[in-house]
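Read off the chains here:
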Amino acid sequence: MTTNDLSKDMGGRELLSFRSLFVIAALWNFAGALPGLFDSAGMFEREFGRNLADPVMVAVYRGAWVTALLYGFGFLIVALNPVRHTGVILMGGLGKGLFALNLAYMYLNGWTSDFAIVVIAGDIIFFTLFVVYFVRLRQLGHSLI
């Protein structure tokens, strides 16, 4: 199924709004990943209120941001053809949902700064909008993967 096939089912505005969603999701990932990669210690301190000095932990933390960066590129690919790349949306959406839950747990236990609220809220919003997209695809009779 191509984007053209989907645009026959969805109105042009609806398709544009979903494509825009995935571009914005990519930008959201890049907004965290780039500072997380280039200033890992600063980002860690903003997020957790602690110093990041152990080189092993710096490498692990930076690796997590590499994953976020890669998903950002994945969301850009999805924006080109939202029906063809639903697997990326599924994996990225689950990642956002599970990360938001984990970060919320850490926040509720006092392990993060208030900055975490922004990340939690953003990822919950994206998770919810990805679910809306899957529901809409299903309503149009498309397979989800």
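As shown above, the structure is provided for reference.
Residues numbered from 1 in each chain as written. Predicted model: local features only at pLDDT ≥ 70, side-chain atom pairs only at ≥ 80, totals over all residues. Heavy atoms only, no water.

Another aspect to go through is the overall build of the chain. Secondary structure assignment for the chain yields six helices and zero strands. Considered along the principal axes of its C-alpha atoms, the chain spans approximately 55 × 25 × 25 Å. Restricting to contacts in the chain with at least 6 residues of sequence separation, those with at least 24 account for 65%. In the form shown here, the chain has an accessible surface area of approximately 8100 Å², with 69% of it arising from carbon and sulfur atoms. If the 10 positive side-chain charges of the chain are averaged to one point and the 9 negative ones to another, these points end up 10 Å apart. (Helix = DSSP H or I, 4+ residues; strand = E, 2+ residues; numbered from the N terminus. Contact = heavy atoms within 4.5 Å. Areas by Shrake-Rupley, 256 points an atom, 1.4 Å probe, with all protein chains shown as cover. Lys, Arg positive; Asp, Glu negative; His and termini not counted. Charge placed at Lys NZ, Arg CZ, Asp CG, Glu CD.)

Looking now at the nonpolar core. Residues Phe22, Tyr61, Trp65, Ile89, Leu103, Phe130 and Tyr133 are the most contacted members of the largest nonpolar core, which totals 33 residues. For this core, the secondary structure elements donating two or more residues are α2 (12-38), α3 (40-48), α4 (55-80), α5 (86-108) and α6 (115-139). Not counting residues up to four positions away in its chain, the partners in contact with Phe22 are Phe75, Val78, Ala79, Pro82, Ile89, Phe130 and Tyr133. (Core = buried A, V, L, I, M, F, W, Y, C linked by side-chain atoms within 4.5 Å. Buried < 20%, exposed > 50% of the residue type's maximum accessible area, 1.4 Å probe, protein only.)

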